[in-house]
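# Breakdown of the fold
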Amino acid sequence: MKPKRHLFTSESVTEGHPDKICDQISDAVLDAIYKDDPQARVACECFTKTGVVIVGGEITTNTYVNINDIVRRTLKDIGYTKAAYGIEHETCAVLTHIEEQSPEIAAGVDQRSVEGKESSEQGAGDQGMMFGYATNETSEYMPLPIFLAHKLAIKLAETRKSNQLDYLRPDGKSQVTVEYEGGKPVRVHTVLVSTQHDEAVKHGKIKQDIINHVIKPVCKDWLDDGTLYHVNPAGSFVRGGPFADSGLTGRKIIVDTYGGMGRHGGGCFSGKDPTKVDRSGAYAARYIAKNIVAAGLAEKCEVQLAYAIGVAQPVSVLVQCFHTNTIPEEKIAALVNKHFPLKPADIIRELDLRRPVYKKTAVYGHFGRDDPDFTWERIDKVNILKKEAGS
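We now turn to the structure provided with this report.

Thresholds, definitions, all that
- Residues numbered from 1 in each chain as written.
- Predicted model: local features only at pLDDT ≥ 70, side-chain atom pairs only at ≥ 80, totals over all residues.
- Heavy atoms only, no water.
- Axes fitted to C-alpha atoms, helices over the stretch in contact; angles between N-to-C directions.
- Helix = DSSP H or I, 4+ residues; strand = E, 2+ residues; numbered from the N terminus.
- Parallel < 35°, antiparallel > 145°, perpendicular 65-115°, else oblique.
- Left-handed = near helix turned anticlockwise from the far one by under 90°.
- Contact = heavy atoms within 4.5 Å.
- Nonpolar A, V, L, I, M, F, W, Y, C, P; charged D, E, K, R; others polar.
- Salt bridge = Lys/Arg side-chain N within 4 Å of Asp/Glu carboxyl O.
- Buried < 20%, exposed > 50% of the residue type's maximum accessible area, 1.4 Å probe, protein only.
- Expected span 1.5 Å × (residues − 1).
- Arc of directions from axis to C-beta.
- Polar contact = N/O pair within 3.5 Å; in protein donor to acceptor, adjacent residues only side chain to side chain.
- Core = buried A, V, L, I, M, F, W, Y, C linked by side-chain atoms within 4.5 Å.
- Pairing = 2+ DSSP bridges.
- Right-handed = clockwise from strand over helix to strand, strands pointing away.

Before going further, it helps to examine the packing of helix H8 (residues 277–294) against helix H11 (residues 382–389). Closest axis-to-axis distance for the H8/H11 pair is 9 Å, and the angle between their directions is 60°. Considered as vectors, H8 and H11 are oriented oblique to each other. Every pair of crossing elements has a handedness; the one defined by H8 and H11 is right-handed. Contacts between H8 and H11 involve Asn-291, Ile-292 and Ala-294 on the former and, on the latter, Val-382, Leu-385 and Lys-386. Residues that form the contact of H8 with H11 fall into these classes: four nonpolar, one polar and one charged.

Listed below in structure tokens is the structure:
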């Protein structure tokens, strides 16, 4: 019987997308605070629309940061240097509304209650479930569709910032449809790139330039004569950024993770310090799943962690390998509980999360990146997993 074929699609966005502007500002605020106060509690949200950025949230810290300056520097770094682009870093309005963390939430994180007795063990900063995923279909242990979509978005920004295509503007999106056969990627079926551009440039030139300078260098051998290309399929894309669409922190959670392959708990990452398990729990789940696949215990792995506010131990740990595991899932789960950090304080300590490394996570995905600061991408548990699995 011929192996079953199917299509799967994932998208990414550039650093100039309105939602990603907000993610980067939120994490830039977190980084600025963490440089001086790594024990701070930060939950920073951002909203942007034409000519304005609003920053709000709950921050408890013993340091001071200039949020106005952080917003303007972030916009300038992205490339929003002209009002025609949708917002301009020097002249936009910046509004802030910051309060301290709720004392009740703080108490739950600082000290949890176990059967009526107080413990100094750090509790989870909120309830919720987090997922981590890994697959061996790429060397980065990421699904191919989201991996290529991120690479296209990165290349789009590079060609703009290097002036290789000097008519490009900051806002943009990418989307990749991959054809699978028997569960394995075999080719890129469709590539979509939408990019903001100067008004005078013709559509035909944009399409040919993007295919030649962005799509082909990134997708390479995954392309074939049957691959479909869509470049700015709606036509002109001059009005972009916050001028065309409002932006909001945490609205690109599928872009941030696995492109829709694997499940998502619903919580965003950006602007949150690691006592928030939305962030640290998801990083830990990815760390676990990646090591399981890298150790050859499964071809695909999804890990769910779930927490109760103020409670350190996760209320549940689930490992699923989609029938690709080489040893029983129950044994893999036992190895997870034995060898990986699962309590918030242990996750923060082992992954060294109290560092100002978060702004660069806020665009082009939190996973599958070759960066030593992304400690959740380490595969340092492979040998012990192989040994105890009997591999």
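The next point concerns the pattern of salt bridges. Within the structure shown, the criterion is met by 28 salt bridges. Close ionic contact of Asp-19 with Arg-251 constitutes a salt bridge, the shortest N to O distance being 2.8 Å. Taken together, the residues Asp-19 in helix H1 (residues 18–36) and Arg-251 in the loop between strand S11 (247–248) and helix H7 (253–256) connect sequence positions 232 residues apart. By relative accessible area, which is 40% here, Arg-251 ends up partly exposed. Asp-256 is paired through a salt bridge with Lys-20; the nearest N and O atoms lie 2.5 Å apart.

Here helix H2 (residues 67–78) contains 12 residues, and its C-alpha end-to-end distance of 17 Å stays within 8% of the 16 Å for a straight helix at 1.5 Å per residue. Where H2 is concerned, the buried positions are Ile-67, Ile-70, Val-71, Thr-74, Leu-75 and Ile-78. The arc enclosing the buried residues of H2, seen along the axis, measures out at 130°, which places them on a common side. As for H2, its buried residues are in contact with H1, strand S3 (52–60), strand S4 (93–99), helix H4 (144–161) and strand S8 (168–181). With a side-chain oxygen lying 3.2 Å from the backbone nitrogen of Asn-68, the N-terminal cap of H2 falls on Asn-66. Positioned one or two residues after H2, Gly-79 has a phi angle of 120°, which is positive.

What follows covers the nonpolar core. Core analysis: the biggest nonpolar cluster contains 101 residues, and Ile-210, Ile-215, Ile-292, Leu-297 and Val-319 have the highest contact counts within it. Counting residues per element, this core draws most heavily on H8, which supplies 11 residues. Discounting residues that sit within four places of it in the chain, Val-319 has contacts with Ile-292, Cys-301, Glu-302, Val-303, Glu-329, Ile-332, Ala-333 and Val-336.

Ordered in space as S1-S8-S9-S10, the four strands form an open sheet in which the pairing is mixed. Among the strands making up the open sheet, the edge pair consists of strand S1 (5–13) and strand S10 (228–231). Taking each pair of neighbouring strands and ignoring which way they run, the sheet shows an average axis angle of 15°. Taken together, the 11 bridges between S8 and strand S9 (residues 184–197) define a ladder with antiparallel strand orientation. Bridge assignment links Ser-174 to a residue of S9, and that residue is Val-193. Running over the sheet, H4 touches S1, S8 and S9 and is turned about 155° from S8. Helix-sheet contacts for helix H5 (residues 203–219) involve S9 and S10, and the interaxial angle to S10 is about 125°.

This part covers the pairing of S3. Note: strand S2 (residues 41–49) against S3, nine bridges, orientation antiparallel. Bridged to Cys-46 within S3 is Val-55. In this region the chain leaves S3, passes through H2 and returns to the parallel neighbour S4; the handedness of that crossover is right-handed.

With that out of the way, let us pick up the sheet that holds S4. Taken together, four strands build an open sheet; the order of strands is S4-S3-S2-S11 and the sheet is mixed. Across the chains shown, the open sheet's two edge strands, defined by having one partner strand only, are S4 and S11. Most of the contacts of H1 go to S2, to which it runs at about 150°, and overall it touches S2, S3 and S11. Of the strands in this sheet, S3 and S4 touch H2, which is tilted by about 130° from S4.

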